[in-house]
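Residue strings, one per chain:
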Amino acid sequence: MMNFHVLTLFPEMIMQGVRTSILGKAMEREYISIEAVNIRDYTTEKHGKVDDYTYGGGAGMLMQAQPVYDAYKAVENKISADSAENGSGGKRAPRVIYVTPQGKPFCQSMAQEFAKEEELILLCGHYEGIDERVLEEIVTDYVSIGDYVLTGGELPAMVMIDAIARLVPGVLHNEESATTESFDNYLLEYPQYSRPEVWKDKRVPEILLSGNHAKIEEWRLEQSIERTKKARPDLYEKWAQENQEYFIKKAKKEARERKKAMKKKLAQKQLAEKNPCNS
Ligand code: ADE
């Protein structure tokens, strides 16, 4: 069971976002748990304030260190108490991910690495960000979900939870689909089709109806390669570098086919020369 703890000013946004579909089912079946901790509940400011102006001036407000730190401590203590109770104590402090446009770009291999953790704390910022001192104190990983700026960290946290949770054993029924999809080997997924065979005059590619699994696999790989080359030349380059043998095999196969075609042509020519009336 993997436990996600989200430190946020908008816990209802997180809980509403994860309650449905596959994540909701995974929570019900106890493959994962997701709790949203309201940072505001931990402020010592009597009016419930959690933000203030930035030193040195500049636009906007900053989340203050105290409520963030105390919310984190509450989660950390709860994790320690739970692990002492179930006999799995003595573990290192959990990883704390701060979702921020200043972080490392999130990717599939990062999701795989995080999926090995038992506990993950995700910290969501708002306004102009969070006081640097508390970040230095608690954050282990700074992660961005892309080169654009959102209004807060809740959507990025949910994106990450989704990508990580689907890698937790049991969350997806078909274990294979968690491993064979896009990005595992740099290639994007091939096109897929379901019934009917013809829709709006478009036929399902003939090869997929052939029952020839080797040929289907070959076609799918070619489709993946073409798609990746077109949409993500950066990924294609990486794949090509690691899969030189694919190009060698392909060149050999093409040479064999050329030879076969030439032989056939020659045989036809010889036949025509023998029986000039048939040509
Ligand atoms: N918070 C705001 N924008 C973000 C982004 N692109 N990635 C992660 N956290 C964010």
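About the thresholds
- Residues numbered from 1 in each chain as written.
- Predicted model: local features only at pLDDT ≥ 70, side-chain atom pairs only at ≥ 80, totals over all residues.
- Helix = DSSP H or I, 4+ residues; strand = E, 2+ residues; numbered from the N terminus.
- Rg over C-alpha atoms; globule rule 2.2 N^0.38 Å.
- Buried ≥ 20, exposed ≤ 12 C-beta atoms within 10 Å, placed from the backbone.
- Contact = placed C-beta atoms within 7 Å.
- Near = placed C-beta within 6 Å.
- Nonpolar A, V, L, I, M, F, W, Y, C, P; charged D, E, K, R; others polar.
- Domains from an automatic or database assignment.
- Core = buried A, V, L, I, M, F, W, Y, C linked by C-beta atoms within 7 Å.

Draft legend 1. Region of interest: the overall build of the protein chain. The number of helices and strands found in the protein chain is 10 helices and nine strands. Taking 2.2 N^0.38 as the reference for a compact globule, 279 residues should give roughly 19 Å; the C-alpha atoms of the protein chain span a radius of gyration of 28 Å, well beyond that estimate. When the backbone C-alpha atoms are referred to their principal axes, the protein chain occupies close to 105 × 45 × 45 Å. Here the protein chain holds 279 residues, and the buried ones make up 23% of them. Within the protein chain, counting contacts between residues at least 6 apart in sequence, those at least 24 apart form 75% of the total.

Draft legend 2. Main features of the site of the ligand. In the region of the ligand, the neighbouring residues are Val99, Thr100, Pro101, Ser144, Ile145, Gly146, Tyr148, Val149, Leu150, Gly153 and Pro156. It is strand 5 (residues 95-105) that provides the largest number of residues to the shell around the ligand, a total of three residues. A class-by-class count of the residues in the shell around the ligand yields seven nonpolar, four polar and no charged.

Draft legend 3. View of the domain arrangement of the protein chain. Taken domain by domain, the protein chain consists of domain 1 (2-175) and domain 2 (199-278). Measuring from the centre of the C-alpha atoms in domain 1 to the corresponding centre in domain 2 gives 48 Å.

Draft legend 4. Seen up close, the nonpolar core. Judged by nonpolar contacts, the single largest core of 45 residues is most densely connected at Val6, Leu7 and Leu122. At six residues, helix 6 (residues 154-165) tops the list of elements feeding residues into this core. What Leu7 contacts, discounting residues up to four positions off in sequence, is Val37, Ile39, Val68, Ala71, Tyr72, Ile121, Leu123 and Cys124.

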